[in-house]
Amino acid sequence: MVLGTYKEALSARSTDKQIQKIAQDGGIVSALLSFALDEKIIDGAVVAGPGKDMWKPEPQVALTSDELLAAAGTKYTFSPNVWMLKKAVRQYGLEKVGTVAIPCQTMGIRKMQSYPFGVRFVADKIALLLGIYCMENFPFASLQTFISEKMGVSPELVEKMDIGKGKFWIYTADDELSIPLKETHGYEQSGCKVCLDYVAELADLSTGSVGSPDGWSTVLTRTDAGESVFKLAVDAGLIETKPMADVKPGLGLLEKLAKDKKTKNQKTIDERIAMGLPVPYKASTEKEDPLANF
Ligand SMILES: Cc1cc2nc3c(=O)[nH]c(=O)nc-3n(C[C@H](O)[C@H](O)[C@H](O)COP(=O)(O)OP(=O)(O)OC[C@H]3O[C@@H](n4cnc5c(N)ncnc54)[C@H](O)[C@@H]3O)c2cc1C
Ligand code: SF4
């Protein structure tokens, strides 16, 4: 399945006006983590908090809803959230940790849970793993360069960034600018070219903007933990939903983009194999013989 295993696909958004205002899309991540904290499903969450440099996130253990909301919004560069999980357990003493992760981080966390070599005390304590979709990511220096040089705007003035409709968008207090994504090509992290997961297939619940209208998110509930927290938040009136069939552009676009990413990056993997270069483990599992590449 091109979107991984899931129970239900829905279009959804937070009903909280404050979250709607500050969130990237439907505010599903902030709403669910905040709800899980209130309900003691988690006792804290590792999120991509604001850092010293504007738009350079720093992983943070959020213990309150205010801290969670301060981390809302997408930062299009790497936030090493996985590294912070150990600290969340050891230094903050959390027993039930929530976190948000892009697909590669989700894979790292699941691997850690499946093979808890030296991290058993962390692996057992991850109670809620929310995955966000990710087509590609940028090193911080690249992000700064194309915003300041190609778009002619100082990153400090940017209030929101977004990727959508084939463009990279920035919003300042009084302006809205975009460049076609083909102009950001070459600035991506090179490791993203061999990544086969678009929709965080191993998360408890995955969410992103693609498939739903502006201000809404497409949600895939995957595990019992993800389904249960989502249903409880909907029942509590904190999240409103619409069937995917009733929204445009709909699930078909998400499936198409997930397939495009897998096809394009599998090609890069195959080229690397032909050149005798190392490839990620997941790539080898897609072959008939899992050990064929070794
Ligand atoms: C690099 C990147 C690429 C993305 N590409 C796509 C895409 O192609 N298609 C798509 O539909 N969606 C994509 N997304 C996801 C999308 O931008 C939103 O993050 C997602 O829809 C959640 O929105 P929300 O309103 O529910 O979250 P909010 O309530 O706004 O909360 C966002 C949460 O994401 C966390 N976060 C922000 N930046 C990062 C980061 N760099 N790493 C880890 N966590 C972070 C924050 O800590 C916060 O908890 C991408 C996200 C990232 C980080
Ligand atoms: S494209 Fe893949 S490897 Fe790159 S940041 Fe996104 S999830 Fe990670």
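Our subject is the structure that appears above.
First things first, this report covers the structure right here in the doc. A quick note: this is a predicted structure, and the numbers were derived from the prediction, not measured.

Side note on the packing of helix α4 (residues 81-90) against helix α5 (residues 103-114)
- In contact at an axis separation of 9 Å, α4 and α5 are set at 40° when each is read in the N-to-C sense. By the angle between their directions, the pair α4 and α5 is classed as oblique. Side by side, α4 and α5 meet where Asn81, Val82 and Leu85 of the first sit next to Gln105, Ile109 and Met112 of the second.
- The residue inventory of the contact of α4 with α5, partitioned by class, reads 4 nonpolar, 2 polar and no charged.

Focus on the sheet that holds strand β6 (residues 160-164)
- What the 3 strands build is an open sheet, ordered β6-β7-β8; its pairing is antiparallel. Two strands bound the open sheet, and with one partner strand each, they are β6 and β8 (176-180). Averaged over all pairs of adjacent strands, the angle between strand axes in this sheet comes to 20°, irrespective of strand direction.
- Bridge count for β6 against strand β7 (residues 167-171) is 5 bridges, and the pairing is antiparallel. Within the sheet, the bridge partner assigned to Lys160 lies in β7 and is Tyr171.
- Sitting on the sheet, helix α7 (residues 140-150) touches β6, β7 and β8, and the angle it makes with β7 is about 75°.

Comments concerning the site of ligand 2
- Surveying the vicinity of ligand 2 reveals the residues Ile102, Pro103, Cys104, Cys134, Met135, Glu136, Asn137, Gln189, Cys192, Cys195 and Lys261.
- Each residue belonging to the shell around ligand 2 can be placed in one class, and the counts come to 7 nonpolar, 2 polar and 2 charged.

So, helix α8 (residues 224-235)
- Across its 12 residues, α8 extends 16 Å between first and last C-alpha, which sits within 8% of the 16 Å expected from 1.5 Å per residue.
- Of the residues making up α8, those classed as buried are Gly226, Val229, Phe230 and Ala233. Mapping the buried residues of α8 onto a view down its axis gives an arc of 100°, with all of them on the same face. Away from its buried face, by an angle of more than 90 degrees, α8 presents the exposed residues Asp224 and Asp235.
- The elements touched by buried residues of α8 are β1 (8-14), α2 (28-38), β5 (126-132), β9 (205-208), β10 (217-221) and β11 (239-243).
- Following α8 by one or two positions, Gly237 has its phi on the positive side, about 80°.

Quick notes on a negative patch on the surface
- Together, Glu159, Asp174, Asp175 and Glu176 make up a negatively charged patch on the protein surface.
- Take Glu176: it is sitting in strand β8.

A word on the sheet that holds strand β3 (residues 58-62)
- In spatial order, the strands read β3-β2-β4-β5-β9-β10-β1-β11; together these 8 strands make up an open sheet with mixed pairing. Among the strands making up the open sheet, the edge pair consists of β3 and β11. Averaged over all pairs of adjacent strands, the angle between strand axes in this sheet comes to 30°, irrespective of strand direction.
- In the sheet, strand β4 (residues 97-101) pairs with β5 via 5 bridges, with the strands oriented parallel. Bridge pairing in β5 links Ala101 to Gly131.
- Along the sheet, α2 makes contact with β1, β2 (44-49), β4, β5, β9, β10 and β11, crossing β5 at roughly 170°.
- Relative to β5, α5 is tilted by about 155°, and along the sheet it contacts β4 and β5.

Considerations on the pattern of salt bridges
- Enumeration according to the criterion identifies 10 salt bridges in this entry.
- Lys52 is the partner of Glu58 in a salt bridge, and the nearest nitrogen-oxygen pair spans 3.8 Å.
- Overall, the relative accessible area of 36% leaves Glu58 in the partly exposed class.
- Residue Lys52 is classed as exposed on the basis of its relative accessible area of 77%.
- For the salt bridge of Glu227 with Lys231, the shortest nitrogen-to-oxygen distance reads 3.5 Å. Here Glu227 pairs with Lys231, and both are found in helix α8, just 4 residues apart, close to one helical turn.
- Overall, Glu227 belongs to the partly exposed group, its relative accessible area being 22%.

Conventions we followed
Residues numbered from 1 in each chain as written. Chains lettered and ligands numbered in written order. Predicted model: local features only at pLDDT ≥ 70, side-chain atom pairs only at ≥ 80, totals over all residues. Heavy atoms only, no water. Axes fitted to C-alpha atoms, helices over the stretch in contact; angles between N-to-C directions. Helix = DSSP H or I, 4+ residues; strand = E, 2+ residues; numbered from the N terminus. Parallel < 35°, antiparallel > 145°, perpendicular 65-115°, else oblique. Contact = heavy atoms within 4.5 Å. Nonpolar A, V, L, I, M, F, W, Y, C, P; charged D, E, K, R; others polar. Pairing = 2+ DSSP bridges. Near = heavy atom within 4 Å. Expected span 1.5 Å × (residues − 1). Buried < 20%, exposed > 50% of the residue type's maximum accessible area, 1.4 Å probe, protein only. Arc of directions from axis to C-beta. Patch = residues over 30% accessible without salt bridge, like charges linked within 9 Å, V, L, I, M, F, W, Y side chains within 5 Å. Areas by Shrake-Rupley, 256 points an atom, 1.4 Å probe, with all protein chains shown as cover. Salt bridge = Lys/Arg side-chain N within 4 Å of Asp/Glu carboxyl O. Lys, Arg positive; Asp, Glu negative; His and termini not counted. Charge placed at Lys NZ, Arg CZ, Asp CG, Glu CD.

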